[in-house]
Amino acid sequence: MPVLGLDTSNYTTSAAVFDGAEGKNVGRLLDVRPGELGLRQSEALFQHVKHLPGLLEQLAGDGFLGSFQAAGASTRPRAVEGSYMPCFLAGESQGRGIASALGIPFYAHSHQQGHLAAAAWSAGKLELLDAPFLAWHLSGGTTELLLVKPEGVTVTAEILGGTSDISAGQLIDRTGVLLGLQFPAGKALDVLSAQADTCHEPRVKLKDLMFSLSGMENQVKALAEKGEPPANIARFALEAVCGVVLRATQEAQRQYPGLPVLCSGGVASNTQLRAKLTTQCGALFAKPEFSTDNAMGTAILTWRALAAEGR
């Protein structure tokens, strides 16, 4: 009973097929000009419309687009009232069109729900979706510590903490672009930081599971103006993120004892963050390829919805 999932986020166009056990995801990063920090929604939407047919052709060429029984798409950033972003219209419109043409059901999900489902499946713990757990959604636009609870075949997420201003991904990407790296800069900054010979200690204040990272961005700029080696600046930015996320996770575990911790989103692929939270908090992580934006979680939730209806 294979199903199709589509996701058209701010960063990546992706399509996936899932059959209840195995799946295949294909994706393509949106093209961003060197030195820029992202795209306008109109440009992102245009690129998604161009990319999706090629990704579907790739799935078909690999033998994954057979007689799928349902289609689903991420239609908004979060599953809350008023959550909207135009780029998701590309996946939703094509998903609905495919479903109508084939006479199969269409299921709408949020981008965040898809991240959580992909992370749970990739970590080999899909059963996490059936009981409460703590989760981080760490990406270019979101840094949220969540209390996740099951709701039918999907999940709801209550924000417990996170950033009050810029996201972890924004700090990382802005630092990377400042140092001459290509946007999005997460992987390159991770590699560069490994060459650091010292680290200026970042001091991020944590209060009620909330924290601010804009001050860290100002300090990154100050270090660059003083001529600090790029590798040391990269390490400073990543240590700022990893340190405060670790402290917030430990505090949340004290407040909600016994709940597992799942980490999703592109920033969750950072090697330093994975090492700290795995060893000190027992956190679970998606495989790196399913930490970044992907359609696999959307396909998984679509399969669960179809199975629940007994189709």
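Definitions and cut-offs
Residues numbered from 1 in each chain as written. Predicted model: local features only at pLDDT ≥ 70, side-chain atom pairs only at ≥ 80, totals over all residues. Heavy atoms only, no water. Salt bridge = Lys/Arg side-chain N within 4 Å of Asp/Glu carboxyl O. Helix = DSSP H or I, 4+ residues; strand = E, 2+ residues; numbered from the N terminus. Buried < 20%, exposed > 50% of the residue type's maximum accessible area, 1.4 Å probe, protein only. Right-handed = clockwise from strand over helix to strand, strands pointing away. Expected span 1.5 Å × (residues − 1). Pairing = 2+ DSSP bridges. Core = buried A, V, L, I, M, F, W, Y, C linked by side-chain atoms within 4.5 Å. Contact = heavy atoms within 4.5 Å.

Enquirer: Please clarify how the pattern of salt bridges should be interpreted in this entry.
Expert: It is possible for side chains bearing opposite charge to pair when their charged atoms get close. Counted under the stated rule, the structure contains 8 salt bridges. Residue R304 pairs with D130 through a salt bridge whose shortest N-O separation is 3.0 Å. Within this pair, whereas R304 is found in helix α10 (residues 296–308), its partner D130 is found in the loop between α3 (111–122) and β6 (133–138), the two being separated by 174 residues in sequence. Accessibility expressed as a relative area gives 48% for D130, which makes it partly exposed. With a closest N to O distance of 3.9 Å, E201 and R203 form a salt bridge. A single network of salt bridges, built from pairs that share partners, joins R174, E217 and K221.

Enquirer: I keep staring at the pairing of strand β4 (residues 71–76) and nothing clicks. Help me out?
Expert: Working note: regular strand, side chains alternate between the two faces of the sheet. Across the 6 residues of β4, 5 count as buried, placing the element largely inside the fold. With helix α2 (residues 88–102) bridging β4 and its parallel neighbour strand β5 (residues 106–110), the resulting β-α-β unit is right-handed.

Enquirer: Can you help me understand α3 in this one?
Expert: Residues that lie three or four places apart on an α-helix share one face, since the helix turns once every 3.6 residues. The terminal C-alpha atoms of α3 lie 16 Å apart, and with 12 residues this matches the ideal 16 Å at 1.5 Å per residue to within 8%. With 12 of 12 residues buried, α3 is to be regarded as a mostly interior element. Turning to α3, its buried residues are H111, Q112, Q113, G114, H115, L116, A117, A118, A119, A120, W121 and S122. Backbone geometry just after α3 places G124 at a positive phi near 75°.

Enquirer: Even after reading the chapter, I still don't get the sheet that holds β6, so can you show me in this structure?
Expert: Hydrogen bonds along the backbone pair up the strands of a sheet, which may run parallel or antiparallel. In space, the 7 strands of this open sheet follow the order β9-β10-β8-β7-β6-β11-β12, with mixed pairing throughout. Looking along the sheet, the strands with just one partner apiece sit at the ends: β9 (206–207) and β12 (284–285). With 2 bridges connecting them, strand β11 (residues 261–264) and β12 associate as parallel partners. For C263, the partnering residue across the bridge sits in β12 and is F285.

Enquirer: Looking at this structure, how should I read the nonpolar core?
Expert: A general feature of soluble globular proteins is that nonpolar side chains tend to end up buried together. In terms of nonpolar packing, the biggest core is built from 44 residues, with W136, F211, L213, V245, C263 and L277 touching the most fellow members. Within the residue set of this core, elements represented by two or more residues are β6, β7 (143–151), α4 (168–178), α5 (186–193), α6 (214–225), α7 (230–255), β11 and α8 (271–281). For this core, the element with the most residues is α7, which contributes 14 residues. Every residue in contact with L277, bar those within four places of it in the chain, is listed here: W136, V245, L246, T249, C263, G282, A283 and F285. Of all hydrophobic cores here, the second largest spans 28 residues; its members include A70, M296, I300 and L306.

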